[in-house]
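# Structural features, examined
Spelled out from the first residue to the last, the chains are:
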Amino acid sequence: MKLPTNIAEFKVLYDNIIVFPIDITQKRGVIIPTAYGTKAELGEVVSVGEGRIFDNGVIEPLRLRVGDLVYFNKYSTTKFNIDGTEYLVIREEDCIAYKR
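In short, a report on the structure.

### Observations concerning the environment of Cys95
Mapped onto the elements of the fold, Cys95 is located in strand β10 (residues 95-99). Residues Cys95 and Glu41 lie 54 residues apart in sequence; the distance between their C-alpha atoms is 9.5 Å. Ignoring sequence-local partners within four residues, the contact set of Cys95 consists of Ile17, Leu64, Val70, Tyr71, Phe72 and Ile90.

Structural data, given as structure tokens:
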């Protein structure tokens, strides 16, 4: 089996999303100390799953779409690396806000 070499080759399952983290070093002219910038809290959605599956088999589609900018709980992520680029896997319910 050939290993995936880019993010487009992955199919995201259920209510998970894949996010490209955006490093926040400045907000409205105020520099954030590096202690707070160790984990990204902002990212761009690059892939989404089909949706949340309920016990009765009904699938609820996700609200988020590819290209959305999301603010998420920094402690609820799983990191992975493809060809030197870091991505995060997050459940949609761990996203706090989004912007299209």
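### Brief notes about the side chain of Glu41
Turning to its location among the elements, Glu41 is positioned in the loop between β3 (30-31) and β4 (42-48). Classification of Glu41 by relative accessible area gives buried; the value is 18%. Only 3.2 Å separates the side chain of Glu41 from the side chain of Tyr71, close enough to count as a polar contact. Leaving out residues up to four positions away in the same chain, Glu41 has contacts with Val70, Tyr71, Phe72 and Lys74.

### A few points about the environment of Gly51
Within the secondary structure layout, Gly51 lies in the loop between β4 and β5 (52-53). Here the alpha-carbon distance between Gly51 and Leu62, two residues 11 residues apart in the chain, equals 5.0 Å. If we skip the residues at most four places from it in the chain, Gly51 touches Tyr14, Asp15, Ile59, Glu60, Pro61 and Leu62.

Criteria and thresholds
- Residues numbered from 1 in each chain as written.
- Predicted model: local features only at pLDDT ≥ 70, side-chain atom pairs only at ≥ 80, totals over all residues.
- Heavy atoms only, no water.
- Helix = DSSP H or I, 4+ residues; strand = E, 2+ residues; numbered from the N terminus.
- Contact = heavy atoms within 4.5 Å.
- Buried < 20%, exposed > 50% of the residue type's maximum accessible area, 1.4 Å probe, protein only.
- Polar contact = N/O pair within 3.5 Å; in protein donor to acceptor, adjacent residues only side chain to side chain.

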